[in-house]
Every structure is written in structure tokens, then in C-alpha cells.
Amino acid sequence: MSRIDAPGSSPLSPDPTLPEPNAPAPELRVGTTASRRNSVSESSASAPSLNELRAYDGPSTAPPAPRTSTNTEGPAVSARELAAMGGRLRSPSAPVPEDVYASVRSHLTRSLSNPFLTGGDVKATHDALGSVPREAYRATLERMDRDGLLAAYVSRMDAPSRQAFLEQAASNGVLSLRAGSAPGPLGMPGRPETFVNDPKLPAALRDAVNAQATDSGRAAVVAYDAYLQRYGDAVAQAGSLQALRALGPPRALDLRETSLGLSWSDPQRERYEAEWKAGLGRPQRSLVQAYEAVTARAQVLSGERPAGAFVSAEVSAAHDLLHFKSEAHASARGTTDVQTQGGVAAKAGPLGFEVMTDAHGKTETQLQVDLGIASVSRDSEGKVELSLGAGSHARAHATLNPRTAEFGGGIAFETSDKASQSHAGLKLSYGLRGLTPERAAQAVRGDIPGLFSRPRDLDPGVTWDALPSERRALYERQGWTREEWAQDSRR
């Protein structure tokens, strides 16, 4: 058959020309056109012709092509193991000790001879894992996780055994520890230390890490409750405003979800944070109550009665013009005050006048208007009282004192003998006390420091004698003295 060649082309034989048996090998030059042509010629020479027929002599013995991998050495890694490791390969670890693993399996697998997992099984498993070499420890836990043994092991742990297991894992390089903070004065607990809950850890191990964080947080809450109790006792024992100020303000427990160190991208973050918060518990006392105790004690040390609820009982007796009464006053904060007074009382028609003096020489006066079924009285301390008859020997009363910010009420029982001009009575009252107008005005002023605040007059170095008299009197009511002012101004 005739052959058609393209113009300007050299005719090519349909069969490649084989080199002579004794012909010298062509010289190869890397990177040159000739070398690439010779390489192609050699490849063409070694390959059989497309039209050549050969007898079948069995499968080819040529080695398979090498597998492409990011790690050309070491054993193959399955997709599940690669996902468990977070998509990153690590250097191969030592093989899992089969004798140890068999012991672990025997203790964590339910059978007729071992139908329930007990504390003894947990202890035996812990001891067995302790004999695993450090380089094989992580591989052992990962194999336990794949076989379901790690979940069974973690589910039977109590708090001490869980702590021991996590410390064992940390000593073998599987876990890392996030340091906490140091405790403060009066045993104020610091932030507890926790293990890092890495998403690349086995799921059962992550559950154990979160359970340990919950145990540590619950212990911190209990310790904080004890701290608030000790702080309240120290406040009650403070004998001066200086001693109260030296205690410093009560501290808050810094225990938030961020202490777990979980990232926002962690798929288990919400579940772990919810379990952690549910397991913390709540202290019996609060930071607000501690501040209320400080405020109440400061008022007592300043010569004032603390705000809050109170009850009082008054016993009175009179004969002719002489009048005697004793009042016991108790607040809801536990403070008790007893006051005894004696004096004279006179009455002319509906008007009555009383002058009483206490043991400290303080004199009080009271003016009363008696209209029979109702009476109104006002004393020199600003207390106004309205009473209504509730029978022949009982009267209900309501009181209001704007000066001391007190209001309340109660009932009084009276008996009298007109022949001997004697009178006896029992008066029971209850009420609430708030801030006095002076205290309320001071609370909204920005230039008046609180008990634990540093006065701004100390910063420019103003001496005690250079203070205006009004401002010096204000600091004196807060417990500041000339000596303390001079000592603090040198800081």
C-alpha cells in the first residue's frame, strides 16, 4: 500500500529500529535536548512494539508503584485513627503490651465471673496502666477507647481515683495541667488548677477531665463559703473602724466557664460547660451579705444602729409622778441593745409631758396628746407615735422617726390602779430601719470615700491640720485619726 507523508517530513518506519547488540550506549547529558531524545529512544527501545505478539508467560513480576503519603515511613494510619489524632500524624509509639492489655480487659469486661465493675477493678486497672511504658501509654488509652474499655473505666471512678488516673496520664505526657492561683487572706480560695481538655483526646478521657474540673470547682465553692464565714466572724470581732478597714473588702470567687479553657470551635464546649455549672453548687452565704455585715458593723462602731429589721420590748412602771422604763432592742443582724431610763411624768387633761434620763445622763422629753381611743406623741429624738385602743387593756401603735429612718408598729398591754396612781405596761414593737438622711446624702456624694476607699485628699499630700473642719469631721466619723492619716500619706 502506498504511504502518504506530510510535506517536509521525513518518512518514519512503522516499527522502531532496534539497536545493534554490540553498539555502544548513547551518551546522556542531563538537561540537554539530545539527552532527552536518547532517553525517549531508550524507553521506546525497551518497550515492546504495538504490533508485536508475545506468548502469555504469567503475571508481571514488576514491583508495585510506591504509595503516595505525607509520611513515607512507618505503618499505615486508618481514617478513624487519623480523625482521633486531629488529622495530624505523629511519630510511631511503642506497641501496646499485650499482657498488660489482657489484664485491663479482664477487669473492665463484664462476664459471669465479673458481672459488675467494682472499685477493686478500677484499682487493678490503675495499677496495670502504671506498668505501661511511657512511650506506649497513649497508644494503650487509644486502644482502650476504641474497644469501649476506657469509657467503662471512667464511668466507675470516684473523685480520688479520677484524680489519680489523670495525674498518671499527665506524668506520661498525655495530659497537661493548667495552673491555678494562690489562696488569699482568711483562706480565700484561689482559682483551682485543671487539666487541659484537648479536643484531640479520647472522648472518655475528656469526660474524666471535665468531671475533675467539676470536682475542683465544687471544692472551691465549699472553701469560699467557709471563707465568707471567717470574714463575717472577723468583721463582728473588729473593735474599731481602723481594724475593720484593715480587713479589706470581701473578695469574690473568680469561677467562670472560661476557666475550663474550652475553645469556641470545640463541638463539646456547650455540653461540658453545662455539666460543669450544674455540678458546682451554691454557697450558703453571699458576697452581698458580707458587705451588709461590714456596713452594719461600721454603723455600730460609728455610734449608729445598723439598718435592717428589728424588734423591741419595753417594760414600764409608774407611781404618781415617778416613771421608770427599760427597753431591749434586738436587730436581725444579732446586735442587742438595752436602755434603762427614769424620770418624771405629768399630765393635765389630754396633755401629758415626760422627762426621762438614761444611765449615761442623756435626757429625752416626750409630749403626748391623749384623745381617749387615740393618742399622739412626739419625743425629742424625732419619733412620732400614733396609738389606738384595742380593748380596755391593749393598744395598737405605729411609729415613725425620720431622723433615724425607722418605722414600725406593735401592740402594748397596760394596767393601772387609779387609787394608788400606779401604772404598769408591756410594749412589743417591730420595725425596719433604713439610711438616715445624713447617710443617704453621703451615699450619693462622689467626694466622700467609702470605708475601703482611699481618700482623694491623701494623694496630693494634704496634711490632717490643713483639711477643712467640715471635711475633717467627716473623716473622723469614718474612723480616720491624725496618726493614721499621717501614716497613710507617706505611702
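All values reported here derive from a predicted model rather than from experimental measurement. (Residues numbered from 1 in each chain as written. Predicted model: local features only at pLDDT ≥ 70, side-chain atom pairs only at ≥ 80, totals over all residues. Heavy atoms only, no water.)

**Remarks on the overall build of the protein chain**
Stage number 1. What the protein chain contains, in helices and strands, is 14 helices and twelve strands.
Stage number 2. Relative to its 491 residues, the protein chain shows a buried fraction of 30%.
Stage number 3. Of the contacts formed within the protein chain by residues at least 6 apart in sequence, a portion of 49% connects residues at least 24 apart.
Stage number 4. Accessible area of the protein chain: about 30700 Å², with a carbon and sulfur share of 57%. (Helix = DSSP H or I, 4+ residues; strand = E, 2+ residues; numbered from the N terminus. Buried < 20%, exposed > 50% of the residue type's maximum accessible area, 1.4 Å probe, protein only. Contact = heavy atoms within 4.5 Å. Areas by Shrake-Rupley, 256 points an atom, 1.4 Å probe, with all protein chains shown as cover.)

**As for the confidence of the model for the protein chain**
Low pLDDT means the predicted atomic positions in that stretch should not be read closely.
Stage number 1. Of all residues in the protein chain, 76% have pLDDT values of 70 or greater, and the mean over the chain is 78.
Stage number 2. Throughout residues 25-56 the model reports pLDDT below 50, and contacts reaching past four residues in sequence, or to other chains, amount to 15 contacts.
Stage number 3. Taken together, the stretch residues 58-76 has pLDDT below 50 and engages in three contacts with residues farther than four places along the chain or on a different chain. (pLDDT = per-residue confidence, 0-100.)

**Brief notes about the nonpolar core**
Looking at soluble globular proteins, one finds that nonpolar side chains tend to be buried together.
Stage number 1. Of all hydrophobic cores here, the largest spans 30 residues; its most connected members are L129, L141, M144, L150, Y153, F165 and L205.
Stage number 2. Mapped by element, the contributors of at least two residues to this core are α3 (98-108), α4 (119-130), α5 (134-146), α6 (149-155), α7 (159-171) and α8 (203-237).
Stage number 3. The element contributing the most residues to this core is α5, with five residues.
Stage number 4. What Y153 contacts, discounting residues up to four positions off in sequence, is L108, V122, T125, H126, L129, M144 and F165. (Core = buried A, V, L, I, M, F, W, Y, C linked by side-chain atoms within 4.5 Å.)

**Thoughts on the pairing of strand β11 (residues 406-417)**
Stage number 1. Across eight bridges, strand β10 (residues 394-401) lies against β11 in antiparallel orientation. Its bridge partner lying in β11, A398 is registered against G409.
Stage number 2. Taken together, β10 and the strand that follows it, β11, pair antiparallel across an intervening segment of four residues, in which A405 is found at a positive phi of about 60°.
Stage number 3. As paired strands, β11 and strand β12 (residues 422-433) are joined by twelve bridges and run antiparallel to one another. (Pairing = 2+ DSSP bridges.)

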